Amino acid sequence: MSERFVELRAILADVRARWTRHAFLRAWTLGAVTAAAMLLVGLLAVWLVAREGVPLVLVVSVVAILSLISLVFALVPLRQRPSDKQIARFIEERAGGLDDVLVTAVEKGSTGSSPIGQVLVADAVRAARAVNFEAIISTTTLRRALAGAALGSLALVVSMALLAPSAGRAADVVGAYLF
């Protein structure tokens, strides 16, 4: 692997790290807000229908399971990391004016060290150096995603705290039936 291709992969790795951070924060926000909404709906069901006994246990159990499922489903897409080619395409779409230079260089650079591949990679590195990576995923965008994740987490914690007394009563009911 040539020195230029290693430099190109380092550039792609930096963008991938920012993209991954942003994607995680957005997924957590979605999952936490959805889980909080499920818990609040469960709290409403407890207040209206299931104040005690087996119905309370059923409502709390179903709500807890649905909240956990919503968190898992929000985070599952993050298991698959984007490839170098996908990150290169992402940079080209966001930066503009690169005309498939990065994608072509990633394709040719990964197949081997042919002379034309080295020229393409060198050209891609030169073009990538000219790109303002703040324009790809800005710090402001990351801060907004972090704020959303913090608010989603706060909503989740508050809804858990509101449902906690009902969950405690449900645990007492289960304990009474089991023992």
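Everything that follows concerns the structure shown earlier in this document.
Residues numbered from 1 in each chain as written. Predicted model: local features only at pLDDT ≥ 70, side-chain atom pairs only at ≥ 80, totals over all residues. Heavy atoms only, no water.

I keep staring at the side chain of H22 and nothing clicks. Help me out?
When you line up the elements, H22 lands in helix 1 (residues 3-48). When residues no more than four places from it in sequence are discounted, the contact partners of H22 are I137, T141, L142 and A145. (Helix = DSSP H or I, 4+ residues; strand = E, 2+ residues; numbered from the N terminus. Contact = heavy atoms within 4.5 Å.)

Would you explain the pattern of salt bridges in this entry?
Under the defined criterion, the tally for this structure stands at 4 salt bridges. Its salt-bridge partner being R9, residue D84 comes within 3.1 Å of it at the nearest N-O pair. A residue pair is termed long-range when its members are at least 10 positions apart, and D84 in helix 3 (residues 84-95) and R9 in helix 1 qualify at 75 residues. Among the ionic pairs, R89 bridges to E92, the shortest N-O distance being 3.3 Å. (Salt bridge = Lys/Arg side-chain N within 4 Å of Asp/Glu carboxyl O.)

Hey, could you run me through a nonpolar patch on the surface in this one?
A cluster of nonpolar residues, M38, V62, I65, L66, I69 and F73, forms a patch on the protein surface that exposes about 550 Å² of accessible area. At 5 residues, helix 2 (residues 53-75) tops the list of elements feeding residues into the nonpolar patch. By relative accessible area, V62 is classed as partly exposed at 45%. (Patch = residues over 30% accessible without salt bridge, like charges linked within 9 Å, V, L, I, M, F, W, Y side chains within 5 Å. Areas by Shrake-Rupley, 256 points an atom, 1.4 Å probe, with all protein chains shown as cover. Buried < 20%, exposed > 50% of the residue type's maximum accessible area, 1.4 Å probe, protein only.)

Would you take a moment to explain the environment of E3 for this structure?
Mapped onto the fold, E3 is located in helix 1. Assessed through its relative accessible area of 71%, E3 is described here as exposed. Between the alpha carbons of E3 and T139 there is a distance of 29 Å; along the sequence they are 136 residues apart.

Explanation requested: helix 5 (residues 115-130) in the structure shown.
At 3.6 residues per turn, the α-helix brings residues three or four places apart onto the same side. When the terminal C-alpha atoms of helix 5 are compared, their 23 Å separation across 16 residues agrees well with the 22 Å that a helix rising 1.5 Å per residue should span. Those residues of helix 5 lying buried are G117, V121, A122, A124, V125, A127 and A128. (Expected span 1.5 Å × (residues − 1).)

Explain the nonpolar core to me, please; I cannot follow it from the model alone.
When a protein is soluble and globular, its nonpolar side chains tend to lie buried together. Judged by nonpolar contacts, the single largest core of 23 residues is most densely connected at L8, L12, I91, L102 and I136. Mapped onto this core, the elements with two or more residues apiece are helix 1, helix 3, helix 4 (101-111) and helix 5. The contacts of I136, once residues within four sequence positions are left out, are V15, F90, I91, R94, A95 and V131. (Core = buried A, V, L, I, M, F, W, Y, C linked by side-chain atoms within 4.5 Å.)

Sorry, what's going on with the environment of G53 here?
As for its position among the elements, G53 is in helix 2. Sequence-wise, G53 and I91 are 38 residues apart; in three dimensions their C-alpha atoms are separated by 57 Å.

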